[in-house]
Amino acid sequence: MAEVIKPEKIPEIIRAMLTALKLKQDEIDRLNVYPVPDGDTGTNMVLSMESVFAEVAKADGDLAAIAEAATFGSLMGARGNSGVILSQMIRGFFDAVADRGEISATGLIEGFQRATKVAYQAVKKPVEGTMLTVIKDVAEAVSSLAEGSVTVKDVLEIAVHAADESVKRTPELLPVLKEAGVVDAGGYGLVVMVKGAMAALLGAEVSVGGGESVSITRSIEQALAYTYCTELVIKGTGLDKESFEREIEHLGNSMLVVGTPEILKVHIHTDSPGLVLQAATAVGALSDVQVNNMVEQAAERTRLINASSSSDGVGVVAVATGKGVREIFQSLGVDSFVNGGQSMNPSTSEILEAVDSAASQKVIILPNNKNVILAAQQVDNLTKKDASVIPTKSIAEGLSAMLGFHFEKSLEENVKDMAEAALSVKTGEVSVAVREVNGIKKGDFVGMSAGDIMANGHSLIGTTMALVDKMVENGDQSITILVGDEVSDEQVAELSLLLADRHPELEADVHQGDQPIYHFIIGME
Amino acid sequence: MAKIGIVTDSTADMPADFYESNEIKVVPLYVRFGEEEIYRDWEDIGPGEFYARMRTATELPKTSQPSVEDFTRAYEEFEGCDGVISLHLSGKLSGTIQSAQIAAENAPVPVYVIDGEQASAATGLILQGLVKARDEGQGIDRVKQIAERLAKETKILFCVESLKYLEMGGRIGRAKYLAASLLKIKPILTLVDGEVAPFKTVKSRTKALDEIAGFSKSYADGRPVHVCYAHADNSEIIPTLRDTLRGTGVELASEVEAEIGCVIGAYIGPGAFALVLRAEISN
């Protein structure tokens, strides 16, 4: 078994780390959501390590020469944030071992420690939950072995385990990871590299396990099967690793016991830390005992994450009917709906109910019909929440108002911006006359804008085009059309063609709205 | 005589002669098509070729920050100077500043790395003010202070044809929710604390220009303003943008035009345009 790492072995180890990274490159890319979610962490780490390997392969001679080559290669080839931080870890690691002739267990431990120090120094504002945390946890885990006569294999074994555990915790430290349901990409890359190094040391083929990293839920639940993460170091003589393992393995999971007859490092998740300690005192002297309540820690982290993410966001309730209309409103940020509209005005209590059941404490109401505005305005007196009405008189005005909506802004700012946006659009509707009025026959189509009849006739498309012609003014550039539930595809196609022909200046945005009563709802600006 | 060096990165998107005549050292970022083709931004590839390829490419181009070594070499050129101001694009959009900071620590000259929290020509307009301060003979501490104030004062508004490049490139920031819109929208975006954020959302370019004009007036608030009109493969917009600004009555201290380079272009996409405003700061 490897007691030390000879210089001539190092290129092989680095190649194994690179191979391991390449095997996981795509997966690491997919995990990448922080600091910039551009999905290239795996690629960057591979490119960085390729450069390290190229330089190290060229270097011959002693450890000092190899260390210099690795440091140079990492600096030259560092790509992306992860690559740059990695290059600093490599620099720190080789700084610590360069003058040693070969890498002993102590050298390896100091290497991890120096790698951590240099990497943290390089980053102006270190963020936990990243690869920095992983290297730090690795360094801390191996530090307790420094006094024993451990081998490099022992140290790496602890390092692999610590890295694995550490990366699983990254979502708890960095909310953006938790939201995305991933572990930190760079941190996972480090795990993969340490595993690759371990494989090379054992002379095994590089394989780094299945796709366990992407789904974090499993590992967290697994960790929480037991309450206490218990870690300790036992010092003594003639310590028997295997028999101690047998002694405690029934007490929990995630067990790891490594070390030598003089020193054992123990890690286990258990509900009975006392029994673990008792077993340990029976065989040797205890040191570095740590018992953490993982459930409490998890609850505390969850509380912190929830506290930071439950902002004082503003919700929107819209009065709207029609599947397509609602989908569009939803895509612009509306949370909930009240059924209603022309000829079916919702009551104040219906709107109140929607406001009260909205997730936000601050709610904006879009009545989207002039006959609903008054009912909506009563809600603020009846709810405990902070409710404001943007007096939108039509669906088209409501949609326009939503263009002024910004999640991050305050209720007051939103009310101002949305009211302004609502007024920036001209609206029109085409429907059927339900009775004879002003000489328009019952059953004829009627085109209205701002409450005035602008066009009428027997033909739906003819009436709609006449309405559009009257609405258009110089400088108008866009027309939004919501198609009602009684309109055929042929009619929509005909209208689109006529629009393109007669008003090429208008960019048409036509959507199936599925609304009743109005064959077409039009917004123009 | 005391001398202050200025270093920036290629995303400041200023014309080459601006850098040359003002002795500004530009460290290029890298643009990648696939795994193999790697170009230095503005040096090996320019916007013309880039946007033409982007419009037809099946895979989006990627970008990467300069290496520490790239910065180390740049800083070495200023050995013997009083110091170097190294101004870069927002650290929330790129790791460029990270490379710069590491290189700065071992540079043979004091280097002050400044996160402009801006991008493209907005960084360019900060440089413009920085050059002026340096040429007036201010000391390094004062120039550094001025750079930081200029960075805060500068404002960029930009319009994209589509949010997909920002979204796919992972730079959409606080404008993320806009990408869900089923309606065709023309979002006007800005940078807030170095991150992409929505400014206003409209449905037509006319409205977008109206909003830009309105903002420019309230931003200027009677002060003379330096402006830059910038575009990404959309030079036709420049005269319109210029006329819009001139029509506001805002006193224009200077006007420049810029082409948005490959790196920023990779995230905002062809067809985008931007207006940068920078009021003169009082001493």
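Residues numbered from 1 in each chain as written. Chains lettered and ligands numbered in written order. Predicted model: local features only at pLDDT ≥ 70, side-chain atom pairs only at ≥ 80, totals over all residues. Heavy atoms only, no water.

A.B. asks: It is not clear to me how the state of the cysteines should be interpreted in this structure. Could you clarify?
C.D. replies: In protein chemistry, a disulfide is the covalent bond that joins the sulfur atoms of two cysteines. All names here are of chain B. Taken as a whole and judged by the stated rule, the model has zero disulfides over all chains. For Cys 228, which is in no disulfide, the shortest distance to another cysteine sulfur is to Cys 159 and amounts to 15 Å. Among the residues examined, Cys 228 registers a relative accessible area of 0% and is labelled buried. (Disulfide = S-S within 2.5 Å. Buried < 20%, exposed > 50% of the residue type's maximum accessible area, 1.4 Å probe, protein only.)

A.B. asks: Got a minute to help me understand the sheet that holds strand β7 (residues 362–366) of chain A in this structure?
C.D. replies: In sheet architecture, strand pairing relies on hydrogen bonds along the backbone and comes in two forms, parallel and antiparallel. Residues and elements named next belong to chain A. The sheet built from four strands is open, its strands ordered β6-β5-β7-β8 with parallel pairing. Each edge of the sheet is formed by a strand with only one pairing partner; in this case those strands are β6 (336–338) and β8 (386–389). Each strand of the sheet is rotated relative to its neighbour by a mean of 25 degrees, with strand direction disregarded. Each of β5 (314–319), β6, β7 and β8 is contacted by helix α15 (residues 348–357), which is oriented at about 170 degrees to β6, the strand it contacts most. (Pairing = 2+ DSSP bridges. Helix = DSSP H or I, 4+ residues; strand = E, 2+ residues; numbered from the N terminus. Axes fitted to C-alpha atoms, helices over the stretch in contact; angles between N-to-C directions. Contact = heavy atoms within 4.5 Å.)

A.B. asks: For this particular structure, what's the right way to read the sheet that holds strand β10 (residues 195–202) of chain B?
C.D. replies: Residues and elements named next belong to chain B. Pairing is mixed in the open sheet, where six strands are placed in the order β10-β9-β8-β13-β11-β12. What marks the edges here is a single partner per strand, and that holds for β10 and β12 (252–259). Recorded for the sheet is a direction-independent mean angle of 20 degrees between the axes of neighbouring strands. Sheet topology places strand β11 (residues 225–231) next to strand β13 (residues 273–279); seven bridges connect them, and they run antiparallel. Bridge pairing in β13 places Val 227 opposite Leu 277.

A.B. asks: I tried to follow the interface of chain A and chain B on my own but got confused; where do I start?
C.D. replies: Accessible area lost upon the coming together of the parts is a frequently used measure of interface size. Listed per partner, the contact involves 46 residues of chain A and 42 residues of chain B. Summing both partners gives a buried area of about 3,700 Å² for chain A against chain B, and 50% of it is carried by carbon and sulfur. Taken as a group, Arg79(A), Leu403(A) and His406(A) account for 15% of the area that chain A buries against chain B, more than any other trio of residues on that side. Here chain A and chain B share three salt bridges between them. A salt bridge links Glu507(A) to Lys186(B); the shortest N-O distance between them is 3.5 Å. Our count for the contact surface shared by chain A and chain B stands at ten residue pairs in polar contact (both at pLDDT 80 or more). Broken down by element, the side of chain A that touches chain B gets its largest block of residues, six residues, from helix α4 (residues 80–97) of chain A. Its residues placed into classes, the side of chain A that touches chain B shows 17 nonpolar, 16 polar and 13 charged. (Buried area = accessible area lost by both parts, 1.4 Å probe. Salt bridge = Lys/Arg side-chain N within 4 Å of Asp/Glu carboxyl O. Polar contact = N/O pair within 3.5 Å; in protein donor to acceptor, adjacent residues only side chain to side chain. Nonpolar A, V, L, I, M, F, W, Y, C, P; charged D, E, K, R; others polar.)

A.B. asks: I'm lost on the confidence of the model for chain A in this one. Help?
C.D. replies: Atom-level detail of predicted coordinates should not be read off regions where pLDDT is low. All names here are of chain A. Across chain A, the average pLDDT comes to 85, with 90% of residues at or above 70. Confidence drops under pLDDT 50 across residues 210–223; counting only partners more than four residues distant or on other chains, this segment forms 23 contacts. Between residues 301–311, whose pLDDT stays under 50, and residues either more than four places distant or in other chains, the model counts seven contacts. (pLDDT = per-residue confidence, 0-100.)

A.B. asks: Teacher, can you tell me more about the environment of Asn414(A) here?
C.D. replies: Residue and element names in this part refer to chain A. Within the secondary structure, Asn 414 is located in helix α18 (residues 411–423). Classification of Asn 414 as buried rests on a relative accessible area of 0%. Ignoring sequence-local partners within four residues, the contact set of Asn 414 consists of Val 314, Ile 364, Gly 404, Phe 405, His 406, Lys 409 and Ala 419.

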